[in-house]
Amino acid sequence: MGKESGEYMATEIVQKNATGKRAEQLQFLRFLAFLNIFTMHADSWLFFTYPAGLAANAAVSFFFMLSGLVTGYSAYGKEIKIGIKEEFQYMRKRIVSVYPLYFLTTLFCAFLSGAIAGIVQSGFSLGAVPKQLVRNLLLIQSWFTEGFFSYNVGGWFLSTLLFLNLLNLPVGFLLNKFDKLQNRIIKYGAYFGAVICLFGSVVVYCYLTQNSDMEYWHYVFPPARIMEYLSGMIMGFALRPAAEKWKTKQWQRVIFTVLEMAVLVYWVNALESPGNYWRNKIVSWLVPNTLILVAFTLGKGYISDLFRKKCFVTLGDCSFEAYLIHWVVIVIFTTFNLIPSETPYGNVTAFFSCLFFSIAFAYLTKGSRR
């Protein structure tokens, strides 16, 4: 993927419009979130105790909020034009930036699943093409209540995120209009109140739909993720002035370092108490993810400085490619039993081998498109 698409899991790279390097610390957080998703998908080789499923739920929620946050962050102070033409051009750019790698990984998974073999055996009959494969290639699978995890399992995320991207221009336009309000107390009070209302809407929605198929209606269904995304946009827009202009003293940097450590620990500890079943797709992760995003968007602590190091930023830059590639690598390893898990240290070797190849191929893919 190219420069833009490599950062697509957060919609737009933050540091494009930021001064200095203060936004780069968010890149490594994206990689850490990817690790949680990888761990869940590779759980058959898990050799340590970890609530992988809950961690993946939290990481997905983090990605949606982060995507909204950096979109709002980059929209701050921009002259945004809205209209059908502008929306079409914007979405075309988004799709073009992510689709090539998605198409290749999905097609490869279709080969491994036998779907392509079935099409060939039928004499390339259109009737032999699985409807689910068509949905996936059109990136509309998250709008159907079955088959959304088929082929490349991560494709549903892009399907949902593309829908959320439709909000970027109109909401960015409205935020910039509202930001012209001179009274800072009213303005930031409104931002805070809007985020609280959005969070409350998530809680109400999840509670009222707890008797439905929550894996779909809470986790995959595109409109269910609007509140997370919009809250992220508002936070990113509101935090940018402080992130850029707030000059911290040494003792303040120490305090922010403690806060950064605390929110990371809190996020991990939150996995041990996810709440009852209707909360653990979205609701339980709103506060932990918000605290991490606020602390690291400000980026005033020494942990943020560490995350700005080139090696950590590079890992974050490859997260989108690794997200799409890792499932292909896992399927290859499991289909051909490349490392039998019953052998001594088999699980350890398979787990880290898949992780290594996922990151390596992601890095090479990203580098080849620069």
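Anything mentioned here points back to the structure above.
Residues numbered from 1 in each chain as written. Predicted model: local features only at pLDDT ≥ 70, side-chain atom pairs only at ≥ 80, totals over all residues. Heavy atoms only, no water.

Chemist: What exactly am I supposed to notice about the packing of helix α2 (residues 25-41) against helix α16 (residues 319-335) here?
Modeler: For any two helices packed against each other, the geometry comes down to the angle between their axes and how far apart the axes lie. Between α2 and α16, whose axes approach to 10 Å, the crossing angle comes to 15°. It follows from the interaxial angle that α2 and α16 lie roughly parallel. The two elements α2 and α16 meet at a crossing, and its hand is right-handed. Contacts from R30, F31, F34, I37, F38 and H41 in α2 reach S319, A322, Y323, H326, W327 and I330 in α16. In terms of residue class, the contact of α2 with α16 is built from eight nonpolar, three polar and one charged. (Axes fitted to C-alpha atoms, helices over the stretch in contact; angles between N-to-C directions. Helix = DSSP H or I, 4+ residues; strand = E, 2+ residues; numbered from the N terminus. Parallel < 35°, antiparallel > 145°, perpendicular 65-115°, else oblique. Left-handed = near helix turned anticlockwise from the far one by under 90°. Contact = heavy atoms within 4.5 Å. Nonpolar A, V, L, I, M, F, W, Y, C, P; charged D, E, K, R; others polar.)

Chemist: Where do I start with a nonpolar patch on the surface in this structure?
Modeler: A grouping of F356, F357, F361, Y363 and L364 is seen on the molecular surface, where their side chains present a nonpolar patch of about 540 Å² in accessible area. Assignment of secondary structure puts F357 in helix α17 (residues 346-368). Classification of F357 as partly exposed rests on a relative accessible area of 35%. (Patch = residues over 30% accessible without salt bridge, like charges linked within 9 Å, V, L, I, M, F, W, Y side chains within 5 Å. Areas by Shrake-Rupley, 256 points an atom, 1.4 Å probe, with all protein chains shown as cover. Salt bridge = Lys/Arg side-chain N within 4 Å of Asp/Glu carboxyl O. Buried < 20%, exposed > 50% of the residue type's maximum accessible area, 1.4 Å probe, protein only.)

Chemist: What should I look at first to understand unusual backbone geometry in this one?
Modeler: Leaving glycine aside, a negative phi is the common case for residues, and trans is the common case for peptide bonds. Even without a glycine there, the phi angle at F124 is positive, about 60°. Considering the arrangement of structural elements, one finds F124 in the loop between α5 (115-121) and α6 (131-137). Residue F124 is classed as exposed on the basis of its relative accessible area, which comes to 61%. With phi around 55°, L139 is a residue other than glycine that occupies positive phi space. Tracing the chain through its elements places L139 in the loop between α6 and α7 (155-165). Judged by its relative accessible area of 7%, L139 falls in the buried class.

Shape is all these values report; function is a separate question.
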